[in-house]
Amino acid sequence: MRYEEAVAHLDARQPEHMPGPSLDRIRTLVNYLDHPERTYPTIHVTGTNGKSTAARAAAAVACASGLSTGLYLSPHLVDLTERFSVCGEDISHAMFAEEWAHLEPYLEMIDGQGMGELTYFEAITGLAFLWFADRPVQLGVFEVGMGGSWDATNLIASDAAVITPIGMDHVAELGPTLADIAGEKAGIVKEGKVAAIREQDPVVADVLRARAAEVDATLLWEGQDWEVLDPLIAVGGQAFGLRTPQRTYEDLYVPVFGRYAARNAAAGAVACEALTGAVLEESVLREGLAALRTPGRLEIVVREPPVVVDGAHNPAGAEALATAVGEFFRWERLHVVLAVSKNKDIEGVVGPIAAIADVIYATRNDSVRSAEPDDVARVARAAS
């Protein structure tokens, strides 16, 4: 099977909003595959913003320590294979096609059992479970696709977890209130395990505490159990210290912009430390964080003139983006090319960006969910 053929078969699968929240299909799949997701310890990452940065940081630190570490992310920016990597090496097209050929007969068998067809995300999550076991990896780091409790990734043991800031997003799927959304995301905290928690709204914090009490889990809170110390803008990123439950690490550097990004990266490092239960070698932590890359997150793609791309897609993300741009960049006139999905809070996304932009070019992206440019432009004019 060729890669293009495998992707075509995957693309034909039903989208995530069908046929409803359930772990029955993915659970049946891993049963047939003899539970590849149980063959390696795991770090699980959820939240509303910053999940990918935290997951990438956890994987980078683990790789620097010598562990063969699989990283599963979503979504991809350009090529589907970006979602699957081992210590910085994405799955090849040939290997993806080989794993798909192994997996697809099981998918088709389950499709006929009355539970509905496995979704696109369930299928590629099963492929990640399988590929990491086949490598084999010594650790798997999994970013939640959406939510937590009903996400296909939630079959992993979640030996350590990270929960980045939770806000209002995916309301139709996760619930109308912040507490509802937090309850869904809290589902990745497993019995007797540990989770590194970024700063949260008090409503969210209460939900997370209740979940921890229910399953006898340990929560490591930012500002209480761990914190980023003395962050400074540095060439190409940020320098900082990190206090954790084990020790204080000095002279760390991450090549990312936005103070929130450094804190999300630190949360990933704290999860690595919690997983081992021991102090990390400072040289390992330094090497891992310095190797962190976050494509599509305040990424400089052209330097003259400066062109920066970012995927902020909800109000909290847009506010953090606007703050970070002001902190880390200087300009005479700021031109913003902006597309927003129509299922998002368009006013909440456009407002913070319009407040710092000199000119906004409203457009659309390639997604069928993209809002019409006229609608984005109308909101931008009202917010300016």
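No experiment lies behind these values; they were computed from the predicted model shown.

Reading guide: rules and limits
Residues numbered from 1 in each chain as written. Predicted model: local features only at pLDDT ≥ 70, side-chain atom pairs only at ≥ 80, totals over all residues. Heavy atoms only, no water. Helix = DSSP H or I, 4+ residues; strand = E, 2+ residues; numbered from the N terminus. Rg over C-alpha atoms; globule rule 2.2 N^0.38 Å. Buried < 20%, exposed > 50% of the residue type's maximum accessible area, 1.4 Å probe, protein only. Contact = heavy atoms within 4.5 Å. Areas by Shrake-Rupley, 256 points an atom, 1.4 Å probe, with all protein chains shown as cover. Lys, Arg positive; Asp, Glu negative; His and termini not counted. Charge placed at Lys NZ, Arg CZ, Asp CG, Glu CD. Core = buried A, V, L, I, M, F, W, Y, C linked by side-chain atoms within 4.5 Å. Axes fitted to C-alpha atoms, helices over the stretch in contact; angles between N-to-C directions. Parallel < 35°, antiparallel > 145°, perpendicular 65-115°, else oblique. Left-handed = near helix turned anticlockwise from the far one by under 90°. Nonpolar A, V, L, I, M, F, W, Y, C, P; charged D, E, K, R; others polar. Pairing = 2+ DSSP bridges. Disulfide = S-S within 2.5 Å. Salt bridge = Lys/Arg side-chain N within 4 Å of Asp/Glu carboxyl O.

### Overview of the overall build of the chain
At step 1: Broken down by element type, the chain carries 13 helices and 15 strands.
At step 2: Here the C-alpha atoms of the chain give a radius of gyration of 20 Å, agreeing with the 21 Å that 2.2 N^0.38 yields for 384 residues.
At step 3: For the chain, the spread of C-alpha atoms along the three principal axes comes to 60 × 50 × 40 Å.
At step 4: For the chain, buried positions account for 51% of its 384 residues.
At step 5: Within the chain, counting contacts between residues at least 6 apart in sequence, those at least 24 apart form 70% of the total.
At step 6: Accessible surface, the chain: about 17,000 Å² in total, of which carbon and sulfur atoms supply 51%.
At step 7: Put simply, the chain has 31 plus and 55 minus side-chain charges, and the middle of one group is 3 Å from the middle of the other.

### Describing the nonpolar core
At step 1: Membership of the largest hydrophobic core comes to 39 residues, with the highest contact counts inside it found for Ile43, Leu285 and Leu289.
At step 2: Considering each element in turn, this core owes the most residues, nine residues, to helix H9 (residues 259–276).
At step 3: Those residues in contact with Ile43, other than ones at most four positions away along the chain, are Ala58, Leu139, Gly140, Val141, Phe142, Ile156, Ala160, Ala271, Cys272 and Leu275.
At step 4: Of all hydrophobic cores here, the second largest spans 36 residues; its members include Ile26, Trp100, Ile124 and Ile156.

### Re the environment of Ile166
At step 1: Tracing the chain through its elements places Ile166 in the loop between strand S6 (160–163) and helix H6 (171–174).
At step 2: Since its relative accessible area comes to 8%, Ile166 is described here as buried.
At step 3: Considered as a pair, Ile166 and Leu77 are 89 residues apart in the sequence and their alpha carbons are 23 Å apart.
At step 4: Beyond its immediate chain neighbours, meaning those up to four positions away, Ile166 contacts Gly47, Thr48, Leu178, Ile181, Ala182, Lys185, Gln200 and Val204.

### Side note on the packing of helix H12 (residues 346–356) against helix H13 (residues 373–383)
A pair of packed helices is captured by two measures, namely the crossing angle of their axes and the spacing between those axes.
At step 1: It is the contact of H12 with H13, at a shortest axis distance of 9 Å, that shows an interaxial angle of 50°. The angle between H12 and H13 falls in the class oblique. The way H12 lies across H13 gives a crossing that is right-handed. Of the residues in H13, those touching H12 at Ile346, Glu347, Val350, Gly351 and Ala354 are Val376, Val379, Ala380 and Ala383.
At step 2: Among the residues making up the contact of H12 with H13, the classes are represented as seven nonpolar, one polar and one charged.

### So, unusual backbone geometry
At step 1: A cis amide bond links Ser74 with the next residue in sequence, Pro75, at an omega value of -5°.
At step 2: Position of Pro75 relative to the elements: it lies in the loop between strand S2 (69–72) and strand S3 (84–86).
At step 3: Geometrically, the link from Glu304 to Pro305 is a cis peptide bond, its omega value of -5° lying close to zero.
At step 4: Mapped onto the fold, Pro305 is located in the loop between strand S12 (299–303) and strand S13 (306–309).
At step 5: For His35, which is not glycine, the phi torsion reads 55° and is therefore positive.
At step 6: With respect to the helices and strands, His35 occurs in the loop between helix H2 (24–32) and strand S1 (42–46).
At step 7: Located in the positive-phi region is Asp216, a residue other than glycine, with phi close to 55°.
At step 8: Looking at the secondary structure, you find Asp216 in the loop between helix H8 (202–215) and strand S8 (218–221).

### Notes on the sheet that holds S2
At step 1: Spatial strand order, S4-S3-S2-S5-S1-S6-S7-S8: eight strands in an open sheet with mixed pairing. On the outer flanks of this sheet lie strand S4 (89–90) and S8, each paired with one strand and no other.
At step 2: Against the sheet, H8 touches S6, strand S7 (194–197) and S8, its axis set at about 150° to S8.

### Topic: the sheet that holds strand S10 (residues 237–243)
Two modes of strand pairing occur in sheets, parallel and antiparallel, and in both the strands are linked by backbone hydrogen bonds.
At step 1: Taking strand neighbours across the sheet as the criterion, the three strands line up as S9-S10-S11 in an open arrangement whose pairing is antiparallel. A single partner strand is all that each edge strand has here, and the edge strands are strand S9 (227–234) and strand S11 (248–254). Strand-to-strand twist across the sheet, computed as the mean angle between neighbouring axes with direction ignored, equals 20°.
At step 2: With five bridges joining them, S10 and S11 adopt antiparallel strand pairing. Within the sheet, the bridge partner assigned to Gln238 lies in S11 and is Val254.

### Remarks on the state of the cysteines
At step 1: Taken as a whole and assessed by the stated rule, the structure comprises one disulfide.
At step 2: Cysteine Cys272 remains unbridged, with the sulfur of Cys63 as its closest cysteine sulfur at 9.0 Å.

### Concerning the pattern of salt bridges
At step 1: One pass over the structure, following the stated rule, counts 18 salt bridges.
At step 2: The closest approach of N and O atoms between Lys344 and Asp169, which form a salt bridge, is 3.1 Å. Residue Lys344 is found in the loop between strand S14 (335–338) and H12, and its partner Asp169 is found in the loop between S6 and H6; the two are separated by 175 residues along the sequence. Like Asp169, Lys344 is buried.
At step 3: Put simply, Asp375 and Arg378 hold a salt bridge, and the shortest N to O gap is 2.3 Å. Pair noted here: Asp375 and Arg378 are both in helix H13, with a separation of three residues, about one helical turn.
At step 4: Judged by its relative accessible area of 47%, Arg378 is partly exposed.
At step 5: In the salt-bridge network here, residues are joined through shared partners; they are Arg198, Glu199, Glu222 and Arg263.

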